[in-house]
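Overview (structure and organization)
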Amino acid sequence: MAFLGTAVRKVASCRPALSPLCRSATTSRRYSSSSEPTTEKSVPYENVLKVEEGGSGPTKPLPKSAEAVVIGGGSLGCQTVYHLAKMGMTNVVLLERDRLTAGTTWHTAGLLWQLRPSDVEVELLAHTRQVISHDLEQETGLETGWIQNGGLFIASNKQRLDEYKRLMSLGKVYGIESHVLSPAETKDLYPLMNVDDLYGTLYVPKDGTMDPAGTCTTLSRAATARGATVIENCPVTGIQVSTDDMGVKRVKAVETFHGTIQTPVVVNCAGVWASKLGEMAGVKVPLIAMHHAYVVTERIEGIQNMPNVRDHDASVYLRLQGDALSVGGYEQNPVFWDKVSDKFAFSLFDLDWDVFMQHIEGAINRVPALEQTGIKSTVCGPESFTADHKPLMGEAPEVRGFFLGCGFNSAGMMLGGGCGRELAHWIIHGRPEKDMYGYDIRRFHHSLTDNNKWIRERSHESYAKNYSVVFPFDEPLASRNMRTDPFHKVLTEQGCVFQERHGWERPGWFNQDGAAPVLDYDWYGAYDISKNQNYKYNELLGKEYTFDYPPHHNVIKNECLTCRHGVSVFNMSYFGKFYLTGPDAKKAADWLFSADVNKIPGSTVYTCMLNKRGGSEADLTVSRLEAGTANLPLAPESNGDAYYLAIGGGVAEHNWNHIKTVLQDEGFNCQLTDYSEDMGMISIQGPKSREVLQEILDTDLSNDAFPFSTHKVCNAAGHKVRAMRLSFVGELGWELHIPKDSCLPVYQAVMAAGAKHSIINAGYRAIDSLSIEKGYRHWHADLRPDDTPLEAGLAFTCKMKSTIPFLGRASLENQKAEGLRRRIVCFTIDEKVPMFGLEAIFRNGVPVGHLRRSDYGFFIDKQIGYGYIRNPDGGVVNADFIKSGKFTLERMGVVYEAKPHLKSPFDPSNNRVKGIYPDNYHNVYKANAQ
């Protein structure tokens, strides 16, 4: 019998010759595999859906047509078809090429942890748990195999325990029981555990374990009872796509060896094989397959009824398996499976002990009894992983009716119920109920989704860092500098510490100690690749790994206060820059945008775009262009009904696809063109901005000649630019939208003119602080698709007083008539403690919500947070409800008194954006500066 402790010692001593226990077909450098699976492996489940060979052909006749065809019979496929049927779509078909769970689901560990650093994921997990532990048994009378044995998160240092305390505070909002335990209390709970090196633990009693076979069997029976059809042994051979009269590609049918099913909807739940399925329809599916493994031990005396364990710092998990444990984790040198086999079913790879042994070492340290415990079986199968360790969901941008439900990064079982429900809602109603942007395939720019280098590097980094502490300001190191603007080199030389947003490099903050360029990815030293030495950017990033204020807090403070008192330059070139033109452009603009953007040409309007439920799909500025001939990239040909859209670059792809979808659905005859790469954009903000820009622009910048929310094409140091008087920081300022060849000359002219005013560069960390201080929203932070403008305090962006129809108007009218059941509130605290979002909000001691976003406001010198609150009684949330309550915020288990604000605590009268400052303001600033 092989023992775990023996395996550790053997692997350490058996290079290059490996014993049978340490078998591996490769050296430690191996990072990809085309190997065929082993013929047979034992697995840790009593029930597996595998059947003896001999079945040839589908288990049921194929229908001629269906409302939707789900492809793939794993966790996501079964959950999706179940929820589609439950929502009333009964003519739905699930096709599985082999038997249910045959691909990767059958060997998954099946763990369910309720707490995650995301409110949406907490809600998704809660629904999965409800379906598995309650709903299915009630509907079918069958047990799914759910075991509620609890979960235990291990912290070996203060930062890790702080992370767990953040989860505990968020859990209180959702009623999830959890307890922070001392090492001694942990020992009482789990007597076999070594607690000598522990800082503490987080215990969640109602976490548990799912059985893949039992779950999928029960889901399929529940779905078929509602009219769905589940067909096994039926591989898909092709997807038929047609092109409609507007040139839009749409799903037409699904082809198999045994017939064709006409359908307008295909759902790709094919897991590791999802990319191949996507190719059949011309859809890019950016995921990659890797080996993912665990071992199952022999019986361990005293392990019965113990909770599942996640020791993140050792990168290992311990799953209770009856009277044994399954041991697995995430390593920095995973093996890629490059040549994915279509014949892989209920199959496994040989375990590469060189790769896996680090998990054994961590497991033995945590539970010493494992050293003398035998290995019952090894389980090494394929799993699909993505660039940000988040699933791929939603309608593909290339083909209407082709939906994704794949790339679940080994979390398909625990996310399956929540995601299956959201995907079903997406298919039936056009949008999910929750904010699923973080999973939406449209979060990735189209230039990245077929870039193999980006997919491979980023997926590797996400896999390797899966158990790392989730810090608020972390940045990836893999596949950087994919999309850069004309200012990138000069700003790098000036110490810019860049952030990455879906390919774009944008300024984060400016280091005072010289350049910190981002280097090529070093794979964290895996696969015998040398790690980058003296990597300044990585060193600066490491200093961000704290839940306290970072060491460069004062650098960001200086960027903010210089903007408040003097003048700063922000490079915002990563913004999406689109033109909406054509015969129906005005009709499209009226329908798309919640605000009335059809002001006189030369006007710029801040607006939202909504979905049918009134949720905010975007916030952006829309500028109505003057009539005239084309002068690209600054202006398209226009008859006066042409619009320039400026949208945050991190969400530009999402916005582009939302607009295109609406144009297609409504049949508007107009064009959307993308000039994001053709123009740069700098924003000059602060009380001194007018003095600086008046030196280089050939137009009058006075309030009368150039009022707020207007724009015009003018010359800047001899170069044509579009100047817009706007602000995202709450100060007097202008944006300059500049053809890329003119970007550097214009920037240099601005810096030269601003030198006597002590102008500085500033980054998005400053924008985050300045904007929250002013009360401006950030889309996907304090404004999401599940928030309406009325709830978000943005009613002024909605043309409700007009009679003009717009998408989502009916929902807003109903909400206004019924009263708001939730609304955003600003909070400040007197203590100088950092908050980042997810902190619990209590009113009179009762949890009513959590912070969505928080940052330090340097001008008012307070920590600020914004969050949505509800009335626990289900009533209306109005001003009286807010004013009459005593509010507190809980951060990592510590409660702080909080003051609610109905208006921004900074410049609530909006004087500063109008250029109205106290008469002696500049003199006071100069005196203070000296």
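Use the structure listed above.
First, a word on what this report is: a plain description of the structure on this page. (Residues numbered from 1 in each chain as written. Predicted model: local features only at pLDDT ≥ 70, side-chain atom pairs only at ≥ 80, totals over all residues. Heavy atoms only, no water.)

**Thoughts on helix α3 (residues 119-140)**
Because an α-helix completes one turn every 3.6 residues, residues spaced three or four positions apart along the sequence face the same direction. What counts here: Each helix is a run of H or I in the DSSP string that is no shorter than four residues. Each strand is a run of E no shorter than two, and both are numbered from the N terminus. Helix span is expected to be 1.5 Å times the residue number reduced by one. Two axes define the bend at a residue: one fitted to the seven residues ending there, one fitted to the seven starting there, and the bend is the angle between them.
In a regular helix each residue adds 1.5 Å, so 22 residues correspond to 32 Å; α3 covers 30 Å between its end C-alpha atoms and thus fits that length. The largest bend in α3 comes to about 45°, at Val-131. Just past α3, the residue Gly-141 takes up positive phi, approximately 75°.

**Notes on the sheet that holds strand β25 (residues 576-581)**
Consider a sheet: its strands pair through backbone hydrogen bonds, and that pairing is either parallel or antiparallel. What counts is decided by this rule: Only strands joined by at least two bridges in the DSSP assignment are considered to pair. Note on geometry: axes are lines fitted to C-alpha atoms, helical ones only across the stretch in contact, with angles between N-to-C directions running from 0 to 180 degrees. Note on contacts: a residue pair qualifies if any of its non-hydrogen atoms lie within 4.5 Å across the two residues.
The five strands are arranged β26-β27-β28-β25-β29 in an open sheet whose pairing can be described as antiparallel. Edge positions in the sheet fall to β26 (604-610) and β29 (671-674), since each has one partner strand and no second. The average angle at which neighbouring strand axes cross in this sheet is 30°, direction not considered. Judged from the four bridges that link them, β25 and β29 form a sheet pairing that is antiparallel. The partner of Phe-578 across the bridge, within β29, is Asp-674. Strands β25, β26 and β28 (643-647) of the sheet are contacted by helix α14 (residues 585-592), whose axis makes an angle of about 125° with β25. Strands β25, β26, β27 (616-624), β28 and β29 of the sheet are contacted by helix α15 (residues 652-666), whose axis makes an angle of about 165° with β29.

**Side note on empty space enclosed by the protein**
So the rule is basically this: Using protein atoms alone on a 1 Å grid, points that fit a 1.4 Å probe yet trap it form a cavity, whereas open point sets bounded by protein on both sides within 12 Å along at least five of seven lines form a pocket; residues with an atom within 4 Å of a point count as lining. Grid points are joined across faces, edges and corners, and a volume is the space filled by probe spheres set on the points. Residue polarity follows a fixed list, in which Ala, Val, Leu, Ile, Met, Phe, Trp, Tyr, Cys and Pro are nonpolar, Asp, Glu, Lys and Arg are charged, and the others, Gly among them, are polar.
Using the criterion set out here, one finds six cavities of 30 Å³ or more in the structure. As a volume, the largest cavity reaches approximately 140 Å³. Phe-473, Tyr-549, His-553, Arg-765 and Asp-855 are, among the 15 residues lining the largest cavity, the residues nearest its centre. Secondary structure elements with two or more residues in the lining of the largest cavity: α13 (553-565), α18 (764-774) and β37 (846-857). Top element by residues in the lining of the largest cavity is β37. It accounts for three residues. Among the residues making up the lining of the largest cavity, the classes are represented as nine nonpolar, four polar and two charged. A volume near 100 Å³ is recorded for the second largest cavity. Lining the second largest cavity we find 16 residues, and of these His-445, Arg-483, Gly-649, Ala-652 and Glu-653 sit closest to its centre. Of all the elements in the fold, those that place two or more residues in the lining of the second largest cavity are β25 and α15. Counting residues per element, the lining of the second largest cavity draws most heavily on α15, at three residues. Of the residues in the lining of the second largest cavity, the class split is four nonpolar, seven polar and five charged.

**So, the packing of helix α2 (residues 75-86) against helix α9 (residues 412-429)**
Selection criterion: In what follows, roughly perpendicular refers to angles from 65 to 115 degrees, roughly parallel to angles under 35, roughly antiparallel to angles over 145, and oblique to any angle outside these ranges. In this scheme the crossing of two helices becomes right-handed for a clockwise turn of the near helix relative to the far one and left-handed for an anticlockwise turn of less than a right angle.
Two elements in contact, α2 and α9, have axes whose closest approach is 8 Å; the angle formed by their N-to-C orientations is 45°. On the basis of their axis angle, the class for α2 and α9 is oblique. In terms of crossing hand, the pair formed by α2 and α9 is right-handed. On α9, the residues that touch Ser-75, Leu-76, Gln-79, Thr-80, His-83 and Leu-84 of α2 are Gly-412, Met-413, Gly-416, Gly-417, Cys-419, Gly-420, Arg-421, Leu-423, Ala-424, Ile-427 and Ile-428.

**Some details on the sheet that holds strand β3 (residues 92-95)**
Ordered in space as β9-β3-β2-β13-β21-β20, the six strands form an open sheet in which the pairing is mixed. Edge positions in the sheet fall to β9 (229-231) and β20 (392-395), since each of these pairs with one other strand and no more. Within the sheet, the average angular offset between the axes of one strand and its neighbour, ignoring direction, is 20°. With three bridges connecting them, strand β13 (residues 266-268) and strand β21 (residues 402-406) associate as parallel partners. Bridging across to β21, Asn-268 finds its partner in Leu-404. Where α2 meets the sheet, it contacts β2 (68-71), β3, β13 and β21, and its direction lies at approximately 170° from that of β3.

**With respect to helix α7 (residues 274-281)**
To be explicit about the condition: Whether a residue is buried, partly exposed or exposed follows from its accessible area with a 1.4 Å probe, protein chains only, as a fraction of its type maximum: under 20%, in between, or over 50%, in that order. An arc is given here, and it is the one of the directions from the helix axis to the C-beta atoms.
Those residues of α7 lying buried are Ala-274, Leu-277, Gly-278 and Ala-281. Along the axis of α7, the buried residues cluster in a sector spanning 100°; they form a single face. Buried residues along α7 sit in contact with β2, β10 (236-243), β13, β14 (287-297) and β21. Of the residues trailing α7, Gly-282 is marked for its positive phi of about 75°.

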